[in-house]
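Architecture and fold: a report
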Amino acid sequence: MNSPYTFKHIPPMMNNGDSRQPAIFLFHGLGSNEDDLIQLVGEIKDHCHIFSLRGPITHSPGYAFYTFEEEGKPTREVFDKMMGYTQNFILEAIEHYELNVDKIYLIGFNQGAVVVETLTLLLGKMIRGTVALSGFLPDFVITEYNKAPLAGTKIFISHGEYDYVYPIQWGESSKNYFQSQGAEVIYKTYPDGHGVTEDNLRDLVEFIAQDLNNPVN
């Protein structure tokens with residue numbers, strides 16, 4: 001791998017008989033690191049390659065994927081560059097680790113949710129399923145980015161009803177936008193702030209696990 005990203009790779013422990021295995025790419029939130037979200041996929045990680053990326057920018061006590069002028073407004077130049085590196089990472093990982101291109105999944109929280117929502121728009125059908133936990137789509141991504149067709153793409157969007165970091169309206173806007181683009185959207189809210197409840201965790205694992213067991217159309 002020639003990517004500048006620092007990341008953790010956990011290979012699958014179980015083989016379904018296919019030479020190419022599914023993969024889940026994890027993207028943490030602001031101030032966290034590549035160890036944070038691995039706990040979310042504990043029940044399914046044995047069946048997939050797991051790639052957990054560390055944000056490239058130091059942000060105490062951990063890292064960030066991009067800088068921002070204020071919440072909801074990423075610094076455009078930094079964000080564009082990071083998205084280019086991230087797309088390249090996924091494409092290189094698919095080739096280097098001989099991944100199943102029909103079973104590529106993304107999970108992100110906070111800044112990581114912003115990253116995975118944007119990647120889904122850019123890569124379209126290359127992404128089998130996306131989980132965006134408490135995120136949003138930047139305005140410039142919606143209005144200025146070139147986007148791939150999303151028909152058949154599946155996305156699970158969740159948000160805390162009392163989220164005062166990223167208001168719940170941001171999650172609703174993402175849901176509405178992805179639906180308008182033809183994606184298959186599951187949208188759920190939970191009686192929580194900016195976090196992941198046990199119910200939220202159960203639902204996101206079920207979303208991924210059900211699709212892993214379904215044949216590709």
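Here the residue numbering is sequential within each chain, running from 1 through the sequence in written order. Given that the model is predicted, a residue must reach a pLDDT of at least 70 before its local features are reported, and side-chain atom pairs must reach 80 or more before they are shown or counted; all residues, however, enter totals for whole chains, interfaces and linings. Excluded from the side-chain calculation are hydrogens and water; included are all heavy atoms of the structure.

1. Examining the packing of aromatic side chains
The condition that has to hold: Stacked, edge-to-face and tilted are the three classes for Phe, Tyr and Trp ring pairs, Trp counted by its six-membered ring, which pair at centre distances within 6.5 Å; planes under 30 degrees apart are stacked, over 60 edge-to-face, the rest tilted.
Applying the stated rule across the entire model yields 17 aromatic pairs. Relative to Tyr-145, the ring of Phe-140 lies with its centre 6.0 Å away and its plane at 50°, an arrangement referred to as tilted. Measuring from centroid to centroid gives 5.4 Å for Tyr-166 and Trp-170, while their planes differ by 40°, and the two rings are tilted.

2. Details of the pattern of salt bridges
Our working definition: Salt-bridge detection follows one rule: a side-chain nitrogen of Lys or Arg within 4 Å of a carboxyl oxygen of Asp or Glu. The buried label applies to any residue whose accessible area, calculated with a 1.4 Å probe on protein chains only, is under 20% of its type's maximum; exposed applies above 50%, and partly exposed to all values in between.
One pass over the structure, following the stated rule, counts 11 salt bridges. Residues Asp-203 and Arg-202 are paired through a salt bridge, measuring 3.6 Å at the closest nitrogen-oxygen approach. Judged by relative accessible area, Asp-203 falls into the buried class, the value being 10%. Here Arg-202 falls in the partly exposed class, since its relative accessible area comes to 47%. Here the residues in one salt-bridge network are Lys-103, Arg-128, Lys-154 and Asp-211, joined through shared partners.

3. Section: the sheet that holds strand β2 (residues 23–27)
This is how the line gets drawn: When DSSP finds two or more bridges between two strands, those strands count as paired. Only DSSP runs of H or I with at least four residues qualify as helices, and only runs of E with at least two residues qualify as strands; both kinds are numbered from the N terminus onward. Axis definition: a line fitted to C-alpha atoms, limited for helices to the stretch in contact. Angles are taken between N-to-C directions and run from 0 to 180 degrees. Working rule for contacts: check all heavy atoms of both residues, and any pair within 4.5 Å makes them a contact.
The strand order β1-β3-β2-β8-β9-β10-β11 describes an open sheet built from seven strands, whose pairing is mixed. Each edge of the sheet is formed by a strand with only one pairing partner; in this case those strands are β1 (7–10) and β11 (184–190). Across this sheet, the average inter-strand angle for adjacent strands is 10°, counted without regard to direction. Sheet topology places β1 next to strand β3 (residues 49–53); four bridges connect them, and they run antiparallel. For Ile-10, the partnering residue across the bridge sits in β3 and is Ile-50. Packed on one face of the sheet, helix α2 (residues 111–123) meets β2, β8 (104–109), β9 (129–133) and β10 (154–160) and runs near 145° to β8.

4. A word on the nonpolar core
One recurring pattern in soluble globular proteins: nonpolar side chains tend to sit buried together. Selection criterion: By convention a nonpolar core is built from buried Ala, Val, Leu, Ile, Met, Phe, Trp, Tyr and Cys residues, the set being connected through side-chain atoms within 4.5 Å.
Formed by 41 residues in total, the largest nonpolar core has its most connected members in Phe-25, Phe-27, Phe-79 and Phe-178. Counting residues per element, the ones that place at least two in this core are β2, β3, α1 (76–96), β8, α2, α3 (139–144), β10 and α4 (168–180). If sequence neighbours within four positions are ignored, Phe-79 has contacts with Tyr-66, Pro-74, Val-114, Thr-118, Pro-138, Phe-140, Val-141 and Tyr-145. If you look at the next biggest cluster of nonpolar residues, it comprises 21 residues, including Ile-38, Val-41, Cys-48 and Leu-212.

5. Here's the deal with the side chain of Asn-200
Looking at the secondary structure, you find Asn-200 in helix α5 (residues 198–212). Judged by its relative accessible area of 3%, Asn-200 falls in the buried class. In contact with Asn-200, not counting residues within four places along its chain, are Leu-133, Phe-156, Ser-158, Tyr-190 and Gly-195.

6. Some words on unusual backbone geometry
Between Ser-60 and Pro-61 the backbone carries a cis peptide bond, its omega angle lying at 5°. Counting through the fold element by element, Pro-61 comes out in the loop between β4 (57–59) and β5 (62–64). Its identity as a non-glycine residue notwithstanding, Asn-110 has a phi of 60°, on the positive side. Within the secondary structure, Asn-110 is located in the loop between β8 and α2.

7. Things to note about α1
Quick reminder of the rule: Helix span, expected: 1.5 Å multiplied by one less than the number of residues in the helix. Here the arc refers to the directions that run from the helix axis out to each C-beta atom.
With 21 residues, α1 ought to run about 30 Å at 1.5 Å a step, and its terminal C-alpha atoms sit 30 Å apart, in line with that. Every buried residue of α1 is accounted for by Phe-79, Met-82, Met-83, Thr-86, Phe-89, Ile-90, Ala-93 and Ile-94. Buried residues of α1, viewed axially, fall in a sector of 125°; they line one side. Residues of α1 that are exposed and point over 90 degrees away from its buried face: Glu-77, Lys-81 and Glu-95. Directly beyond the C-terminal end of α1, a positive phi value near 50° is found at Glu-98.

8. What to know about α4
Between its first and last C-alpha atoms α4 spans 19 Å; for 13 residues at 1.5 Å apiece the expected length is 18 Å, and the two agree. Looking only at α4, the buried set comprises Ile-168, Gly-171, Ser-174, Tyr-177 and Phe-178. A positive backbone phi angle near 95° is found at Gly-182, which sits one or two residues after α4.

9. What about the environment of Arg-54?
We apply this condition: For this analysis, a polar contact is any N or O atom pair within 3.5 Å, provided that within protein one partner can donate a hydrogen and the other can accept it, and provided that sequence-adjacent residues contribute only side-chain to side-chain pairs.
Residue position: Arg-54 is located in the loop between β3 and β4. Separated by 22 residues in the primary sequence, Arg-54 and Ser-32 place their C-alpha atoms 8.3 Å from one another. For Arg-54, the residues in contact, after removing those within four places along its chain, are Tyr-5, Thr-6, His-28, Glu-34, Tyr-63 and Phe-65. Only 3.4 Å separates the side chain of Arg-54 from the side chain of Tyr-63, close enough to count as a polar contact.

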